[in-house]
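So the chains spell out like this:
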Amino acid sequence: MRPYDNEKLPRHVAIIMDGNGRWAQARNLPRVEGHIVGIESVRDVVSATRELGIPYLTLYAFSKENWVRPRDEVRKLMELLGIYLDKELPLMLEKDIRFNMIGEMKDFPKKLQEKMHSVMRKTARHKSLTLNLALSYSGRQEILHAIISLFEDVKKGSIKKINEHVFKKYLYTGTTPDPDFLIRTSGEMRLSNFLLWQMAYTEIFVTKVFWPDFRRKHYISALREFCKRERRFGRVEDID
Ligand code: IPE
Ligand code: IPE
Ligand code: MG
């Protein structure tokens, strides 16, 4: 299926994968079941992104603020992350997908840190799709860290001039282009501390569909909507 003009597709899609708990609660299941089924949606969306030739996808999987959730839920999420990485590595190797963790690596158990580093290393040269997984991520923390590292480099004398272009490289996303399109599932109208610097001009799309139900067809229809958007970046429409 060729849903639209490929020229107009976003180069970078960011997704706030929300609503796993409510999906499960609506079925009288424990919240964790929503996270488990949500992994299927991740698979669907990652493969659709790769097939469509969109080169960057950033998925918000766990926020810095999510650590205060019930201990059992956090433990299960960590376990699922480990399983996901083990299971998806062969596909990443086969499909030329680069895995990149963005967030506070040091917050994770040592074993999981090693696993993430290992998958990042093994996929580092891949070019077709960069999959950023935001884990223990906070947009404000990211900006603060960037300021601190930049300040160090200014003190050392390796940076003489500061502008947006220079600053951006200190963020976790580095030289990745800013997201063109943000999708948030489950209907909440907020950013929840996601990519605060990078989303200055991102087109936003919110759907009521819960993440575990969000599959390829929903993704394609969101992308269709993106293709119809007129992005102005502060300019006025062409009138002549
Ligand atoms: C998103 O779903 C996944 C994570 C934040 C880990 P939620 O777990 O936030 O589900 P709801 O929003 O409570 O339904
Ligand atoms: C945002 O969802 C974070 C992730 C999807 C990982 P939350 O469920 O944590 O956000 P709030 O609490 O509704 O803002
Ligand atoms: Mg939520």
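To be clear, the structure that these remarks concern was listed above.
Residues numbered from 1 in each chain as written. Chains lettered and ligands numbered in written order. Predicted model: local features only at pLDDT ≥ 70, side-chain atom pairs only at ≥ 80, totals over all residues. Heavy atoms only, no water.

**What to know about the layout of surface pockets**
Note the threshold: Definitions used for this entry: grid spacing 1 Å over protein atoms alone; cavity, a set of points where a 1.4 Å probe fits but cannot get out; pocket, an open set with protein on both sides within 12 Å along at least 5 of 7 lines; lining residue, one with an atom within 4 Å of a point. Grid points are joined across faces, edges and corners, and a volume is the space filled by probe spheres set on the points. Under the scheme used here, helices are H or I runs from DSSP no shorter than 4 residues and strands are E runs no shorter than 2 residues, and both carry numbers assigned from the N terminus. Three classes are used, and their members are as follows: Ala, Val, Leu, Ile, Met, Phe, Trp, Tyr, Cys and Pro are nonpolar, Asp, Glu, Lys and Arg are charged, and the others, Gly among them, are polar.
By volume, the largest pocket amounts to about 690 Å³. Lining the largest pocket are 29 residues, and of these M17, N20, Y60, A61 and F62 sit closest to its centre. Looking at the lining of the largest pocket, the elements with two or more residues in it are helix 1 (20–25), helix 2 (31–52), strand 2 (56–63), helix 3 (71–95) and strand 4 (129–137). Among the residues forming the lining of the largest pocket, the class breakdown is 15 nonpolar, eight polar and six charged.

**Quick word on the packing of helix 2 against helix 3**
Quick note on the threshold: In this analysis an axis means a line fitted to C-alpha atoms, helices contributing only their contacting stretch, and an angle means the value between N-to-C directions, from 0 to 180 degrees. Note on angle classes: values under 35 degrees are labelled roughly parallel, values over 145 roughly antiparallel, values of 65 to 115 roughly perpendicular, and the remainder oblique. Two helices crossing with the near one rotated counterclockwise from the far one by less than a right angle form a left-handed crossing, whereas a clockwise rotation gives a right-handed crossing. Two residues qualify as a contact provided that any one of their heavy atoms is within 4.5 Å of a heavy atom in the partner residue.
Where helix 2 contacts helix 3, the axes come no closer than 11 Å and their chain directions differ by 25°. When the axis of helix 2 is compared with that of helix 3, the two are roughly parallel. In terms of crossing hand, the pair formed by helix 2 and helix 3 is right-handed. When helix 2 is examined against helix 3, the residues R31, V32, H35, I36, I39, V42, R43, V46 and R50 are found in contact with a partner set consisting of E73, K76, L77, L80, Y84, K87, E88 and K95.

**Regarding the sheet that holds strand 1 (residues 12–16)**
Definition in use: By this definition, two strands are paired if DSSP reports at least two bridges between them.
Spatially, six strands are ordered 3-4-2-1-5-6 in an open sheet, and the strand pairing comes out parallel. The sheet terminates laterally at strand 3 (97–103) and strand 6 (203–206), the two strands that pair on one side only. Between one strand and the next, the sheet's axes are offset by a mean angle of 20°, whatever the strand orientation. Strand direction decides the pairing type here: strand 1 and strand 5 (residues 181–184), joined by four bridges, are parallel. Each residue of the ladder has a partner; that of V13, found in strand 5, is F181. The sheet strands contacting helix 7 (residues 216–228) are strand 1, strand 2, strand 5 and strand 6, and the helix crosses strand 5 at an angle near 140°.

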